[in-house]
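Next come the chains, spelled out residue by residue.
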Number of protein chains: 2
Amino acid sequence: MKFSQATDNALHVMLYLVMEAPDKPVSVQILAEKLGVSQTYLSKMLTKLVKAGLIHSVSGANGGYRLKRNYEEISFLDVIHAIEGTTSLFECSFNHGRECLIQQVVMDAERQMEQALKAKTIYELAKQMKGV
Amino acid sequence: MKFSQATDNALHVMLYLVMEAPDKPVSVQILAEKLGVSQTYLSKMLTKLVKAGLIHSVSGANGGYRLKRNYEEISFLDVIHAIEGTTSLFECSFNHGRECLIQQVVMDAERQMEQALKAKTIYELAKQMKGV
DNA sequence: GCGTGATTACTCGGATACAAGATGTCCGAGTTTGAGCGG
DNA sequence: CCGCTCAAACTCGGACATCTTGTATCCGAGTAATCACGC
C-alpha cells in the first residue's frame, strides 16, 4: 500500500500550474519537460484531473491544460482522489454476520488522514513557497 | 493504493487469537478453516507476524501459532506495519533543491492516520465484541 | 519398566505460477489557430 | 484587402507492452510429541 507515482506527478503539476500559470493553458510538452517525465504518460494523469473537474483542457493550437476558476479551493484530497479513486482503503472480505468492527476502526483512521488532506489546499502551499 | 487482502486476514487472525486462544498454540489448519482461506497463503502472513515479533511459532506436534506475552498491547498499527511494511506511503521522486513541501503535507496526514491506528489495540476490540 | 527409534503432526522457507495494477509507449482522430494564397 | 484553404500545434482516447506487486500453490527440510518395540 503506497501512493502511486502518478499521484506524486499530479500534485507537482497542480502546484506548478497554480504557481506559474493560473490563467493560461500550458501544453503537456512543457509540463512534462518541467517535471522530467514522458508526455504521453503525464497526459494520462491530466486526463484524470480533467475528468475529476480540477482542470480544463483547451484543444487546438496554443492549447494545453488550464486551471478552473475555483483553483484556490482545490485540496490535496481532491487531487489524490482524482488519481487514486475514491474507494475506501480497506474492505473486509469476510461476511461475518454483523458489520466488521475491524473495518470500522481502520476506516476511522483513514478518515483522519483524509481530513488532513482536505484541509490543505494547493494554493495555500503555493503562497507558502513564494514566501520563501 | 489500498490495504492488501493480507492485512485484512492478519487483523482477523489476530483478533481470533486474542478472543479464542490467548495462551494456546493454534495450527494454521484451524486458523485457515476459521477464516475460509488457504493454509499455505495464510502461513505467509503468519510468518510475517512472527518476524515482527507479534506472535510465536511453536513447531512440532500440537504446535501452531501462539500470542506473545504482551498481546494486550498490540495495536492495529503493529499488525499493519508487520504486513505492509513501515516505509512511508508517499515519496517525492523529484529532487528539487529543498525538501519537498508536498511530501511533508502528505506525510503529516499519514501520521494522523497512524496515530489513530496506534491508539486502538486488538485486545480492546476483542473486549468490545465480547461485550456485545 | 524404560530407553530408543520410528511415525506423525506440525512449522519453515524456497521455488514457482498467475493475475492485477502501475508504468510507459505509440498512433490515429478530432479541433483550433494562424499563415498562405487567390480573387 | 478579404475570404478560403491548408498546414501546424495541440488534446483525446484506445491499443498495446512491460514491470512490479499481491495472491496463491506446492514441496522438501526441520522439529517436537507420541507411540511402538525390544531389552
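Given the structure is predicted, the values throughout are model-derived calculations rather than measurements.

Asks: I keep staring at the pairing of strand β1 (residues 55-58) of chain B and nothing clicks. Help me out?
Replies: Regular strands place side chains that alternate from one sheet face to the opposite one. Residues and elements named next belong to chain B. For β1 and strand β2 (residues 64-67), the ladder comprises 4 bridges, and the chain directions are antiparallel. Among the inter-strand pairings, Ser57 is bridged to a residue of β2, identified as Tyr65. The antiparallel hairpin formed by β1 and β2 contains 5 residues in its connecting segment, where Gly60 sits at a positive phi of about 90°.

Asks: Where do I start with the relation of the copies chain B and chain A in this structure?
Replies: Copies of the same chain, two in number, are related to each other by a rotation about an axis and a translation along it. Once turned by 180° and shifted 0.0 Å along the axis, chain B lies on chain A with an RMSD of 0.0 Å. With respect to symmetry, the two chain copies, as superposed, fit the operation of a two-fold axis. When the interface residues of chain B are mapped onto chain A, 100% of them again lie at the interface, so the same face is used by both copies.

Asks: Sorry if this is basic, but what is going on with the protein's contact with DNA strand C here?
Replies: Lining the immediate environment of DNA strand C, one finds 23 residues, of which Gln5(A), Ser38(A), Val28(B), Ser57(B) and Tyr65(B) sit closest. The sugar and phosphate moieties of DNA strand C supply 71% of its atoms located within 4 Å of the protein. Ala6(A) has a polar backbone atom sitting 3.4 Å from a phosphate oxygen of DNA strand C. Between DNA strand C and Lys44(B), the relevant distance is 3.0 Å, taken from a base nitrogen to a side-chain nitrogen or oxygen of the residue.

Asks: Explain the protein's contact with DNA strand D to me, please; I cannot follow it from the model alone.
Replies: Close to DNA strand D lie 23 residues; Val28(A), Ser57(A), Tyr65(A), Gln5(B) and Ser38(B) are nearest. Here the atoms of DNA strand D within 4 Å of the protein split so that 68% fall in sugar or phosphate, with bases taking the remainder. Measuring from a phosphate oxygen of DNA strand D, one finds a backbone N or O atom of Gln5(B) at 2.6 Å. Elements with a minimum of two residues in the surface near DNA strand D: α2 (28-35), α3 (39-51), β1 (55-58) and β2 (64-67) of chain A together with α1 (5-20) and α3 (39-51) of chain B.

Asks: Sorry if this is basic, but what is going on with the packing of aromatic side chains here?
Replies: To describe a pair of aromatic rings, one takes the distance between the centres and the angle between the planes. Within the structure shown, the criterion is met by 4 aromatic pairs over all chains. With 6.1 Å between their ring centres and 70° between their planes, Phe90(A) and Phe3(B) make a pair best called edge-to-face. Here Phe90(A), found in the loop between α4 (76-84) and α5 (101-119), pairs with Phe3(B), found in the segment before α1, and the two come from separate chains. You'll find Phe90(A) and Phe3(B) in the same group, each marked buried.

Asks: Where do I start with the environment of Val28(B) in this structure?
Replies: All names here are of chain B. The residue Val28 is located in helix α2 (residues 28-35) in this model. Taking the relative accessible area as the measure of exposure, Val28 reaches 17% and is therefore buried. Each C-alpha atom, one on Val28 and one on Gln39, is 6.0 Å from the other, the two residues being 11 residues apart in sequence. Ignoring any residue separated from it by four or fewer positions in sequence, one finds Val28 in contact with Gln39, Leu42, Ser43, Leu46 and Tyr65.

Asks: Where do I start with the interface of chain B and chain A in this structure?
Replies: Interface size is often expressed as the accessible area that is lost when the parts come together. Taken together, the contact between chain B and chain A spans 39 residues of the former and 39 residues of the latter. Here chain B meets chain A over a buried area of about 3,700 Å², counting both sides, of which 74% is carbon and sulfur. Three residues, Met1(B), Phe94(B) and Ile102(B), lead the burial of chain B against chain A; their summed loss comes to 20% of the area buried on that side. Put simply, chain B and chain A have 2 salt bridges between them. Salt-bridge contacts for Glu91(A) lead to Lys2(B); the nearest nitrogen and oxygen are separated by 3.4 Å. At the level of secondary structure, the elements contributing two or more residues to the side of chain B that touches chain A comprise α1, α4 (76-84), α5 (101-119) and α6 (122-131) of chain B. In terms of residue count, α5(B) provides more of the side of chain B that touches chain A than any other element does, 10 residues in total. Its residues assigned to classes, the side of chain B that touches chain A shows 22 nonpolar, 10 polar and 7 charged.

So, how was this worked out
Residues numbered from 1 in each chain as written. Chains lettered and ligands numbered in written order. Predicted model: local features only at pLDDT ≥ 70, side-chain atom pairs only at ≥ 80, totals over all residues. Heavy atoms only, no water. Pairing = 2+ DSSP bridges. Helix = DSSP H or I, 4+ residues; strand = E, 2+ residues; numbered from the N terminus. Least-squares fit on C-alpha atoms with pLDDT ≥ 70 in both. Contact = heavy atoms within 4.5 Å. Near = heavy atom within 4 Å. Polar contact = N/O pair within 3.5 Å; in protein donor to acceptor, adjacent residues only side chain to side chain. Phe/Tyr/Trp six-rings, centres within 6.5 Å; stacked < 30°, edge-to-face > 60°. Buried < 20%, exposed > 50% of the residue type's maximum accessible area, 1.4 Å probe, protein only. Buried area = accessible area lost by both parts, 1.4 Å probe. Salt bridge = Lys/Arg side-chain N within 4 Å of Asp/Glu carboxyl O. Nonpolar A, V, L, I, M, F, W, Y, C, P; charged D, E, K, R; others polar.

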